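Architecture at a glance
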Amino acid sequence: TLVEDERDVMLAIIQHLVDGPDPWLGAPVEDFAPPEDRARVHEIFERVIVTGEAHDFEQVFTDARGRLRCLEMRVRAVQSGERMLGAVVNITEVTEQRAQRDTLRTQARILETMREGVVLVDAETMVIRLTNPTFDRLFGYRAGELIGQSVEPLLSLPGTQRKRFELGLRDHHRLRAAPVEFECIRQDNSRFVASCVLSPLSMGGTDHWLAVIH
């Protein structure tokens, strides 16, 4: 049946589902949740139905195979005029996305706590794209202050050595992780010698080099 009004479409769908042979029909909504999470799920649905306000939440559980899974739940009220009919929930599995997010957070935490300085530089422009707190402290800058600036003023290299160094960086596809030593210049113009490992890295289709120094 074609129904023009969007509300009537929703009501027609709900009626079809209610009339269907689904064995879950008639079960309390919290039965869909793990036992330890049922009270929270019941409270969320009750609040949506009473207030009409949408609510989003994540549900983490272990399935029958022992795998940890994560579902994103979006609960919305269903109304007919001023009458509240109930709530509908849209469920999306986000197990993989959550795992990737947790991995990125862990990697970011490792980067922040490293005792070595880390800098990511655009291989073409020599502009700094990322630093960690240790790198900023080594050069006497505030956190994030170097991002967007050229890395070249931080390096004190004789003319011939600088040219060879820059050519090696720009010839990015031939560069492999290689330890080098050079003199560095802090913000207050004091100097120190750094031992550095350079590695090529491609991000978003753009070549970069990653330097880890101490």
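Use the structure listed above.
Residues numbered from 1 in each chain as written. Predicted model: local features only at pLDDT ≥ 70, side-chain atom pairs only at ≥ 80, totals over all residues. Heavy atoms only, no water.

1. Examining the overall build of the chain
- Helix and strand counts for the chain come out as five helices and nine strands.
- Each helix and strand of the chain, placed in order from N terminus to C terminus, yields the pattern α-α-β-β-β-α-β-β-α-β-α-β-β-β.
- For the chain, buried positions account for 27% of its 214 residues.
- Sequence-distant contacts, at least 24 apart, represent 36% of the contacts inside the chain between residues at least 6 apart. (Helix = DSSP H or I, 4+ residues; strand = E, 2+ residues; numbered from the N terminus. Buried < 20%, exposed > 50% of the residue type's maximum accessible area, 1.4 Å probe, protein only. Contact = heavy atoms within 4.5 Å.)

2. Details of unusual backbone geometry
- You will see that Met126, though not glycine, has its phi angle at about 65°, which is positive.
- Position of Met126 among the secondary structure elements: in the loop between β4 (117-122) and β5 (128-131).
- When its relative accessible area of 1% is taken as the criterion, Met126 is described as buried.
- In this structure, Asn189 is a non-glycine residue whose phi angle is positive, near 75°.

3. What about the sheet that holds strand β1 (residues 55-62)?
- The antiparallel open sheet is built from three strands, whose spatial order is β1-β2-β3. Two strands lie at the open edges of the sheet, namely β1 and β3 (83-93), each paired on one side alone. The average angle at which neighbouring strand axes cross in this sheet is 30°, direction not considered.
- Here strand β2 (residues 68-80) runs beside β3; their pairing, made up of 10 bridges, is antiparallel. Paired with Leu71 across the bridge in β3 is Glu93.
- The strands that helix α2 (residues 38-51) touches are β1, β2 and β3; relative to β1, the one it contacts most, it runs at about 160°. (Pairing = 2+ DSSP bridges. Axes fitted to C-alpha atoms, helices over the stretch in contact; angles between N-to-C directions.)

4. Here's the deal with the environment of Glu30
- Of note, Glu30 is situated in the loop between α1 (6-19) and α2.
- Discounting chain neighbours no more than four positions away, the residues touching Glu30 are Arg38, Val41 and His42.

Worth remembering: the numbers are spatial, not functional.
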